[in-house]
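Each chain is listed here by its residues.
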Amino acid sequence: MSKVSVIGAGNVGATAANVLVTEGIASEVVLLDIKEGVSEGKAMDIMQSANILKLDSVLKGVTNDYAATADSDVVIITSGIPRKPGMTREELIGVNAGIVKSVTENVLKYSPNAIIICVSNPMDTMTYLIHKDTKLPKNRIIGMGGALDSARFRYYLSQAMGCDYNDVDGFVIGGHGDTTMIPVTRLAVNRGVPASEILDAATLEKVAADTMVGGATLTGLLGTSAWYAPGAAAASVAKAILTDSKAMITCSALVEGEYGVSDLCIGVPCILGKNGIEKIVEYKLTAEEKEKFAKSAEAVRKTNADLPL
């Protein structure tokens, strides 16, 4: 039996809950929101598909009742205001910091041993806030951003190569921001063949650029932040933990010297298992990649300076 609580029943949270239930990732899922009726309604809607999809998991929606989240193995925090067109993730820091801090304190009252997955933006900074506020072991606090950024990178790679999405592999490191993420094009592959042998340099550069503004592109089209891929990415991180899969997924993790950076949460390849982040994988970066990572780290650190710690 496994239990996951999703805090925030907006589009991202509801999608994460839906994936957790429809894929049978958790046997029990709780969807919590502060707005009366929203989580209950979305949970009911999802569970009305149970007979159609032959689901075994149970989803419950509650309004501001953290007692219902008790004994969760994993807690996914999506609470906060979403981006609007023209907004950066960093502009959300003032409002979302207070929300994330309050949510974290409440969930830990009832699930002191839970592993926390942070989705709220600015994601790296909110993940860092949770570390500083809770003093939990670093393996138990995970920022989702890199999982989403890497998925977007693979999407753009597959589009450029005209191949199946599942034949492509590649990952993004650095901050979860339009100017701070670093798609590692050098290591991207299609069935083991380097993408650089299939695509010319200009096309690869465009793939990287499209990846970096992937969220902003969708915000411009939708009028608000995306939700299907972010929700699925959060659920995929929870799945790796609950199944003890040892999958390598880029996540925002507290680094302590890895990649030459310390006291910062930033996107790095992580091995995920039942203990959360079980290992940070350090790839040997080129001089150019090291420079980009250092600049990304400084940008994240600058945003962290605005935190009400």
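Residues numbered from 1 in each chain as written. Predicted model: local features only at pLDDT ≥ 70, side-chain atom pairs only at ≥ 80, totals over all residues. Heavy atoms only, no water.

1. Structural notes on the nonpolar core
Stage number 1. Counting residues in hydrophobic clusters, the biggest one holds 56 residues, and the most contacted among them are L20, I76, V237, V268, L272 and F293.
Stage number 2. Excluding its chain neighbours within four sequence positions, the residues that come into contact with L20 are V4, V6, I25, A26, V29, S57, I76, A235 and A238.
Stage number 3. Core analysis: the next-biggest nonpolar cluster, separate from the first, contains 26 residues, V103, V107, L129 and L254 among them. (Core = buried A, V, L, I, M, F, W, Y, C linked by side-chain atoms within 4.5 Å. Buried < 20%, exposed > 50% of the residue type's maximum accessible area, 1.4 Å probe, protein only. Contact = heavy atoms within 4.5 Å.)

2. Focus on the side chain of D124
Stage number 1. You can see D124 is positioned in helix α5 (residues 123-134).
Stage number 2. In this structure the side chain of D124 is engaged in a polar contact, spanning 2.6 Å, whose partner is the backbone nitrogen of H176.
Stage number 3. There is a polar contact of 2.7 Å between the side chain of D124 and the side chain of S252. (Helix = DSSP H or I, 4+ residues; strand = E, 2+ residues; numbered from the N terminus. Polar contact = N/O pair within 3.5 Å; in protein donor to acceptor, adjacent residues only side chain to side chain.)

3. Structural notes on unusual backbone geometry
For residues that are not glycine, phi is negative in most cases, and the peptide bond is trans in most cases.
Stage number 1. Cis geometry marks the peptide bond from N121 to P122, where omega comes out at -5°.
Stage number 2. Along the chain, P122 falls in the loop between β5 (115-118) and α5.
Stage number 3. Despite not being glycine, K54 shows a phi value in the positive range, around 60°.
Stage number 4. Checked against the element boundaries, K54 lands in the loop between α3 (50-53) and β3 (58-63).
Stage number 5. The phi dihedral of K135 is positive, around 60°, even though this residue is not glycine.
Stage number 6. In this structure, K135 sits in the loop between α5 and β6 (141-143).

4. Some details on the packing of aromatic side chains
Stage number 1. All chains considered together, the criterion is met by five aromatic pairs.
Stage number 2. Ring geometry for Y259 versus F293: centroids 5.3 Å apart, planes at 35°, classification tilted. Taken together, the residues span a long stretch of sequence, with Y259 in the loop between β12 (247-256) and β13 (262-273) and F293 in helix α10 (residues 287-304) at a distance of 34 residues.
Stage number 3. Look at F293 and you get buried, because its relative accessible area is 1%.
Stage number 4. Ring pairs connect the aromatic residues Y155, Y156 and Y165, which therefore count as one cluster. (Phe/Tyr/Trp six-rings, centres within 6.5 Å; stacked < 30°, edge-to-face > 60°.)

5. Some thoughts on the packing of helix α1 (residues 11-22) against helix α2 (residues 38-47)
Stage number 1. At their nearest, the axes of α1 and α2 sit 11 Å apart, and the two run at 30° to each other. By the angle between their axes, α1 is roughly parallel relative to α2. As for how α1 packs across α2, the hand of that crossing is right-handed. Along the contact surface, α1 presents N11, A14, N18 and V21, while α2 presents K42, I46 and M47.
Stage number 2. Class assignment for the residues of the contact of α1 with α2 results in four nonpolar, two polar and one charged. (Axes fitted to C-alpha atoms, helices over the stretch in contact; angles between N-to-C directions. Parallel < 35°, antiparallel > 145°, perpendicular 65-115°, else oblique. Left-handed = near helix turned anticlockwise from the far one by under 90°. Nonpolar A, V, L, I, M, F, W, Y, C, P; charged D, E, K, R; others polar.)

6. Considerations on the sheet that holds strand β10 (residues 189-190)
Stage number 1. If you walk across this open sheet you meet the three strands as β7-β10-β11, and the pairing is antiparallel. Each having just a single partner strand, β7 (168-169) and β11 (193-194) make up the two edges of the open sheet.
Stage number 2. Relative to β11, β10 is paired through two bridges, and the arrangement is antiparallel. What sits directly across from V189, in β11, is P194. (Pairing = 2+ DSSP bridges.)

7. Points about the environment of C265
Stage number 1. Summarising the element assignment, C265 is placed in strand β13.
Stage number 2. Placed 140 residues apart in sequence, C265 and T125 show a C-alpha to C-alpha distance of 7.0 Å.
Stage number 3. Leave out the neighbours within four places in its chain, and C265 touches D124, T127, Y128, H131, S252, A253, L254 and V300.

8. What about the side chain of T125?
Stage number 1. Topologically, T125 is positioned in helix α5.
Stage number 2. When its relative accessible area of 1% is taken as the criterion, T125 is described as buried.
Stage number 3. Beyond its immediate sequence surroundings of up to four residues, T125 is in contact with I93, V300, T303, N304 and L307.

9. What to know about the pattern of salt bridges
Stage number 1. For the coordinates displayed, the defined rule picks out 15 salt bridges.
Stage number 2. Here D133 makes a salt bridge to K101, at a shortest N to O gap of 3.7 Å. One end of the pair, D133, is in helix α5; the other, K101, is in helix α4 (residues 93-110), and 32 residues separate them in sequence.
Stage number 3. In this structure, K138 and E258 form a salt bridge, with 3.9 Å as the shortest nitrogen-oxygen distance. Residue K138 is found in the loop between α5 and β6, and its partner E258 is found in the loop between β12 and β13; the two are separated by 120 residues along the sequence. (Salt bridge = Lys/Arg side-chain N within 4 Å of Asp/Glu carboxyl O.)

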